[in-house]
Amino acid sequence: MAYQMGKYKLLALDLDGTLLNDRSEISEENAEWVKHAVDAGVTVCVSTGRGFKSALPIVEQLGLDTPMITVNGGEIWTKPHSIHRRTLLDSERVMKLHALAEQYPDVWYWAYTTEDIYNKERWAGDTVASHWLKFGYYYEDVSVLGEILSQVQSWGGLEISNSSPFNIEINPIGVSKASALMEVCRMKGFDMSEVVSVGDSLNDIAAIRASGLGVAMGNAQEEVKLAANVVTGSNQENGVAQVIQNYVLRT
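What comes next concerns the included structure. The shown structure was predicted, so the numbers you read here are calculated from the model rather than taken from an experiment.

Take the sheet that holds strand 8 (residues 117-119) next. Judged by pairing direction, the sheet is antiparallel, and its five strands sit side by side in the order 8-7-9-11-10 without closing on themselves. What marks the edges here is a single partner per strand, and that holds for strand 8 and strand 10 (158-161). The sheet shows a mean angle of 20° between the axes of neighbouring strands, taken without regard to direction. Both strand 7 (residues 108-113) and strand 9 (residues 132-138) contribute to a ladder of six bridges, which runs antiparallel. Bridge pairing links Trp108 to Tyr138 in strand 9. The sheet contacts of helix 4 (residues 91-102) involve strand 7, strand 9, strand 10 and strand 11 (167-172), and relative to strand 9 the element is tilted by about 15°.

Our focus in this paragraph is the environment of Val46. The topology assignment puts Val46 in strand 3 (residues 43-47). Classification of Val46 by relative accessible area gives buried; the value is 2%.

With that out of the way, let us pick up the sheet that holds strand 2 (residues 10-13). Taken together, the eight strands give an open sheet; going across it, the order is 6-5-4-3-2-12-13-14, and neighbouring strands pair in mixed fashion. Edge positions in the sheet fall to strand 6 (82-86) and strand 14 (230-231), since each of these pairs with one other strand and no more. The sheet contact formed by strand 2 and strand 3 spans four bridges and is parallel. Following the sheet pairing, Leu11 is matched in strand 3 by Val44. Seen against the sheet, helix 7 (residues 202-210) touches strand 12 (195-199) and strand 13 (213-216) and runs at an angle of roughly 160° to strand 12.

What follows is about the nonpolar core. Judged by nonpolar contacts, the single largest core of 42 residues is most densely connected at Leu11, Leu19, Val196 and Ile244. Looking at which element gives the most residues to this core, the answer is helix 3 (residues 52-62), with six residues. Beyond its immediate chain neighbours, meaning those up to four positions away, Val196 contacts Tyr8, Leu10, Leu11, Ala12, Leu213, Val215, Val243 and Val248.

We now examine the environment of Tyr118. Looking at the secondary structure, you find Tyr118 in strand 8. For Tyr118, a relative accessible area of 15% corresponds to the buried category.

Unlike most non-glycine residues, Val71 shows phi in positive territory, near 40°. Note that Val71 resides in the loop between strand 4 (68-70) and strand 5 (75-79). Phi is positive for Asn238, which is not a glycine, with a value near 60°. Here Asn238 shows up in the loop between strand 14 and helix 9 (239-248). Relative accessible area serves as the criterion here: at 17%, Asn238 is assigned to the buried category.

On to helix 5 (residues 142-155). Taking 1.5 Å of rise per residue, 14 residues should cover 20 Å, and helix 5 covers 20 Å from first to last C-alpha, within 8% of that figure. Buried residues belonging to helix 5 abut helix 4, strand 9, strand 10 and strand 11. Just downstream of helix 5, Gly156 is the residue with a positive phi angle, here 70°.

Here the focus is the packing of aromatic side chains. The tally for this structure, following the rule as stated, stands at 10 aromatic pairs. Plain terms: the ring middles of Tyr109 and Phe135 are 6.0 Å apart, the flat faces sit at 10° to each other, and that makes the pair stacked. Taken together, the positions of Tyr109 in strand 7 and Phe135 in strand 9 put the pair 26 residues apart, joining distant regions of the chain. Look at Tyr109 and you get buried, because its relative accessible area is 2%.

Opposite charge on two side chains allows them to pair when their charged atoms are near. Using the criterion set out here, one finds 11 salt bridges in the structure. Between Glu75 and Arg86 there is a salt bridge, and its shortest N-O distance comes to 2.6 Å. With Glu75 in strand 5 and Arg86 in strand 6, the pair connects residues that are 11 residues apart, well separated along the chain. The exposure class assigned to Glu75 is buried, which follows from its relative accessible area of 3%. Judged by its relative accessible area of 36%, Arg86 is partly exposed. Counted as one network, the salt bridges with shared partners bring together Asp14, Lys177 and Asp204.

Attention now goes to the side chain of Ser161. Within the element layout of this structure, Ser161 appears in strand 10. Ignoring anything within four residues of it in the chain, the contact list for Ser161 reads Asn72, Asn167, Ile168, Glu169, Leu202 and Asn203.

Conventions we followed
Residues numbered from 1 in each chain as written. Predicted model: local features only at pLDDT ≥ 70, side-chain atom pairs only at ≥ 80, totals over all residues. Heavy atoms only, no water. Pairing = 2+ DSSP bridges. Helix = DSSP H or I, 4+ residues; strand = E, 2+ residues; numbered from the N terminus. Axes fitted to C-alpha atoms, helices over the stretch in contact; angles between N-to-C directions. Contact = heavy atoms within 4.5 Å. Buried < 20%, exposed > 50% of the residue type's maximum accessible area, 1.4 Å probe, protein only. Core = buried A, V, L, I, M, F, W, Y, C linked by side-chain atoms within 4.5 Å. Expected span 1.5 Å × (residues − 1). Phe/Tyr/Trp six-rings, centres within 6.5 Å; stacked < 30°, edge-to-face > 60°. Salt bridge = Lys/Arg side-chain N within 4 Å of Asp/Glu carboxyl O.

So this is what it looks like as structure tokens:
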């Protein structure tokens, strides 16, 4: 059966908790329907909090040669390996975020530079000299996480989101998947009304609100579901394939 593109020209897909199942795999059904979308002329854009290196194998598995949004919009790629724009997180801010993390010995933290990923086990030798993109905290006691969040919010000038209920993700102010998607649309000549955005966490909310069709996964955080136009199946139920079948393609 031949499928045709409907009114939506760009499909922006989050990875963890969205395209990927709980084993971090793409189901056969999701992969098949992404291919149908690509064959019909839809631009499929991966939009993730992951860094480029960990997003790339998924993009390659799908055979995509389209724009990518990584580290929550901190990096925009015209296609894999071809950087369009980077927005750096001030290294003084990273030092402050790192110092706060060190006050909580049990809290895990990580951060992306343009070259590498560092964490609690292995931190950068020279914080100031590195080119930072994103900082994150992870802890399963949400009350402690809430204390950290309050402190970071009080500083101002940072974009704060999450990619799970147990983490906090920090980007430079104004950097989000939504701002990155707007730039991808500008590059490709699309309108945001022609975009479908699919996600499950707070780092997806701005994009879901800004797109023509905002879709929350069945496993999404409640706030994301409230922001979305529609809710699809969970990441264990091929929710992305359902979106493509129900809203993106027509026969």
